[in-house]
Structure formats: structure tokens, C-alpha cells
Amino acid sequence: MNYQQALDYLYSFVDYETTPSPHDAAHYDLRRVEELLACLGNPHLKARSIHIAGTKGKGSTAAMIASVLIASGYTTGLNTSPHLHTVNERISIDGKLISNEELVSLVERLKPVASAVNQKATYGQLTTFELLTALGFLYFGLKGVDFQVVEAGLGGRLDATNVVKPEVCVITSVNLDHTDVLGNSLTQIAAEKAGIIKPGGVVVSSPQADEVAKVIEEACLKCSAGLVRVGSDVTWQELTFDASRQLLKVNGILASYQLSLPLLGCYQLENAATAVATLEVLATGGFNISRDSIITGLAKVSWPGRFQIMSRSPLIVVDGAHNPASARGLGQSIEHYFKDFNQAILVIGTSFDKDIAGIVSELYSFFDRVIVTRSRHPRAMATEPIVTEFTRHG
């Protein structure tokens, strides 16, 4: 098997990231993921885990936490989704992506086990995301990582990643997205995200809308889990910024930190405070995470595609905002970092299942000209509905 054959195998299963049709919770069953992992020796239980769910910011927060754990001397696996360029980006150790050869070797090891599980089909057929999740756990287990930082793919309660027994659960900002699967209200979506909370655990929550905060608090009470609230227990304030980084102060439970973050975007300040709160929980639990390693790790974090400046002349910024709340954050960042910009052009495309009316309403006022496009992705929205929405705003 070569690299392309390995990818072809993984993508021969049902892939809800590319299938252009709605899917519902009935298609998810964690028991088949647990069955697959049991046949592989339960690699997901070999490392300490940090599990992160949320609508916005979970990938950035995961990257920040992993960077600090690496700076603290821990061998750290990072499992995120989706990827920007290659599937290898989803699985890394100490900042180094899994190699093509390693991925092929793992797929060859996984294939007969997955076939056996699917042949029995006791709990339904495995999906592409479930196999990729198992690959990550298998890789981390074989490499003997100390920590694995795991980003939930969709929701939380029924997500394939929700098989770990985490040291800390993190819930970043919860907003309306993937409503076809997770529900049409913030309360319903929050309940899905809160499904990662484990009995007796500790939860770190980013600032949330009142109805979301209530759901998380009730879930913590039900599970006898501790709760750290970012925005009240842990706070932050912006200090200054330049073309490549922003400075902020985070007042944690254990200490105060003056941080230099090489990521722009107003929303990254909240994500950084959430990461600090999580790391402080680990430090309180006896792990060797110092104030200096938090400062050092956050200064080295890399997470492309989020308010990333690709060129200064001309100024080109890329951002993955894909729901109204993210689009609002993008607009706020444009205003904040580029107060005197003019003659701005927006190049935009979205997936077919996104709230294009909400996204456009947040963005249209910042741009003089809009170029609507469509990617090759199977879930890409046709250009006409996007054109219509911008035209509606003149």
C-alpha cells in the first residue's frame, strides 16, 4: 500500500465531512469506535488526555495547550480536524506531523481490524472520521506520548473522540452551527457539547451565552465535576499588538501572565485565556507546568488559517470563519487591526450547509467589492445563493 492507496482506503468509508447531505445523530454510535479500539489494545487510554469541544476556537485552543505541554517537557500528541492541506495535519507529535510512511503503516495495521468490526457491524459501519480518530490514538499509543490533546470533530456527546478519559474537558465558545445534527437552539447544541463532561472531572468553559452557561453548569453538577469559568475565574486584557503578534495579560487562578501570542484575531485572546485556565488545572493536579513554560509555549504556538496575514503588500488575510459568530469575530478583527483600510475586496465561498444569510449580514459592510467563488469540495455551496445574499445588501 502506498500513501494514495492509504488515503483512498480511508475515504472509501462514509465521510460526513464531504457527503453533501444532512446527517443525524442516529448515524453515530460510540460503541463501534470502542470495539475497534479494544481490538487495537485500547491505545486511547495510554496517555493523559485533554478533550476539547465547542463551536469556535477549539482548534486554536488545542494548539495553544499542546504548545505549552511541549514547552513543559511533555511528549505531546495533537489530534485536530479538519485539515487545511493534507490529512497528516490532523495527527502530530511535538509539532511534527505524522509522516506519509507512518500513516501508511498504521492504515495497514488498522485495515484488517476495521474489516472485522464492519463485518460484524454490531453497532453499524465505521466512518472515515472514526478511522482517522483511531489512527491518531494508535499513533500516540505506539509513540508513548505523555499527553494527547484531542479536538472533538462534531458536537461532543456522540463524537468519535468521546472515548477518552480526560484530565480536563474544555468547552470553547458555543454558537449555532451544524444545526442539522446538533439541534436548532443554543440549548440543544450546548447539551451535545457538554456530553464530553465526565463524572468527577474538571471542566474549563470559555465565556458563553447565559443559556449555554446554564447547560454546562447543570451538566457539571450532575457529574460532580469542577468548573472553571473563563471570563470570571480567569480573565484577560489586551495590551498591544503589531503586525505579527499581540500582547495580553491573563489573570489566572495560580498566577498572572504577560503573554506574547503570535496569532492575530481578537478571538484568540479568549482562546489564550481558556488555554491558560486549562494548563493551570493540570498544574494544580501535580503536572510540571510552570509560569515560564506557559509564557514560552504560547509565544511559540502556530495555527494557520485563522486571521492569517499572507501578504503585507498587498495586504491579504485568510480566515476560516464559517458561521455568523465567527464572521462577527472576523469583522471585529478587521476593524481592530486595520482601522484605516479602504477599498477592501472579499473573496468568499462556503459549504452548502452554512447560514449564508447570517454570515453575509456580518461581513458585507466591511467590503467595497465581493468576489464569490466555489471550491472543488463536494460540500461547496453554489455561487448563486451567495451572490443573491450580497446583492440583497446592495
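Residues numbered from 1 in each chain as written. Predicted model: local features only at pLDDT ≥ 70, side-chain atom pairs only at ≥ 80, totals over all residues. Heavy atoms only, no water.

### Considerations on the sheet that holds strand β2 (residues 76–79)
- An order of β4-β3-β2-β5-β1-β6-β7-β8 is seen for the eight strands of this open sheet, with the pairing classed as mixed. Edge strands, defined here as strands with exactly one partner in the open sheet, are β4 (96–97) and β8 (226–229).
- Two elements, β2 and strand β3 (residues 91–93), share three bridges in a ladder whose sense is antiparallel. Note that in β3 the partner of L78 across the bridge is S92.
- With respect to the sheet, helix α8 (residues 210–223) is in contact with β6 (168–171), β7 (202–205) and β8, its orientation differing from that of β8 by roughly 155°. (Pairing = 2+ DSSP bridges. Helix = DSSP H or I, 4+ residues; strand = E, 2+ residues; numbered from the N terminus. Contact = heavy atoms within 4.5 Å. Axes fitted to C-alpha atoms, helices over the stretch in contact; angles between N-to-C directions.)

### Overview of helix α9 (residues 267–284)
- An ideal rise of 1.5 Å per residue puts 26 Å on 18 residues; α9 measures up with 26 Å between its terminal C-alpha atoms.
- With respect to burial, α9 is a largely interior element, 15 of its 18 residues being buried.
- Phi for G286, located one or two positions after α9, is positive at around 100°. (Expected span 1.5 Å × (residues − 1). Buried < 20%, exposed > 50% of the residue type's maximum accessible area, 1.4 Å probe, protein only.)

### A look at the packing of helix α2 (residues 30–39) against helix α5 (residues 128–143)
- Close contact between α2 and α5 brings their axes to 11 Å; oriented N to C, the two are set at 35°. Crossing handedness for the pair α2 and α5: right-handed. Contact with α2, carried on its side by R32, V33, L36 and L37, involves E130, L131, A134 and F137 of α5 and no other residues of that element.
- Among the residues forming the contact of α2 with α5, the class breakdown is six nonpolar, no polar and two charged. (Left-handed = near helix turned anticlockwise from the far one by under 90°. Nonpolar A, V, L, I, M, F, W, Y, C, P; charged D, E, K, R; others polar.)

### Overview of helix α13 (residues 383–392)
- Residues I386, E389 and F390 constitute the buried set of α13. Here the buried residues of α13 occupy an arc of 95° about the axis, which is enough to place them on one side. Exposed and oriented more than 90 degrees from the buried face of α13 are E384, T391 and R392.
- Summarising the contacts, the buried residues of α13 are in contact with β14 (345–348), α12 (356–363) and β15 (369–372).
- Positive phi shows up at G394, right after α13, with a value of about 80°. (Arc of directions from axis to C-beta.)

### What about empty space enclosed by the protein?
- Within the structure shown, the criterion is met by three cavities of 30 Å³ or more.
- Considered as a void within the structure, the second largest cavity measures approximately 50 Å³ in volume.
- Around the second largest cavity sit N79, T80, S81, R90, I91, F129, L132, T133 and T161, which together line it.
- When residues in the lining of the second largest cavity are grouped by element, the largest group, three residues, is from α5. (1 Å grid on protein atoms, 1.4 Å probe; cavity = no way out; pocket = protein on both sides within 12 Å on 5 of 7 lines; lining within 4 Å. Points joined across faces, edges and corners; volume = space filled by probe spheres on them.)

### Structural notes on the side chain of S92
- Within the element layout of this structure, S92 appears in strand β3.
- Filtering out sequence-adjacent residues up to four positions away, S92 remains in contact with T76, G77, L78, L97, I98 and F140.

### What to know about the sheet that holds strand β11 (residues 256–261)
- The sheet built from three strands is open, its strands ordered β9-β10-β11 with antiparallel pairing. In this open sheet, the two strands that pair with only one neighbour each are β9 (235–241) and β11. Across this sheet, the average inter-strand angle for adjacent strands is 20°, counted without regard to direction.
- In terms of strand pairing, strand β10 (residues 246–251) meets β11 through six bridges, oriented antiparallel. Counted as the bridge partner of K249 is Q258 from β11.

### Digging into the environment of F140
- For F140, the position within the fold is in helix α5.
- The sequence separation of F140 and T75 amounts to 65 residues, and the corresponding C-alpha distance is 9.6 Å.
- Leaving out residues up to four positions away in the same chain, F140 has contacts with G77, L78, N79, I91, S92, I93, V145 and Q148.

### Observations concerning the pattern of salt bridges
- Applying the stated criterion across every chain yields a total of 11 salt bridges.
- Measuring nitrogen to oxygen at the nearest pair gives 3.1 Å for the salt bridge that ties E192 to R157. Here E192, found in helix α7 (residues 186–193), pairs with R157, found in the loop between β5 (147–151) and β6; they are 35 residues apart in sequence, far enough to count as distant.
- For E192, a relative accessible area of 14% gives the class buried.
- Residue R157 is classed as partly exposed on the basis of its relative accessible area, which comes to 37%. (Salt bridge = Lys/Arg side-chain N within 4 Å of Asp/Glu carboxyl O.)

### With respect to the nonpolar core
- Counting residues in each nonpolar core, the largest one holds 40 residues, and the members touching the most others are I50, L69, V149, L282, I289 and I294.
- When residues of this core are traced back to their parent elements, those giving at least two are β1 (48–53), α3 (58–71), β5, β6, β10, β11, α9 and α10 (291–299).
- Ranked by the residues each element gives to this core, the list is headed by α9, at nine residues.
- Apart from residues no more than four positions distant in its own chain, L69 is found in contact with I50, Y74, T76, F147, V149, L279, L282 and I289.
- Grouped together as the second largest cluster of nonpolar side chains are 38 residues, Y9, L103, F129 and A134 included. (Core = buried A, V, L, I, M, F, W, Y, C linked by side-chain atoms within 4.5 Å.)

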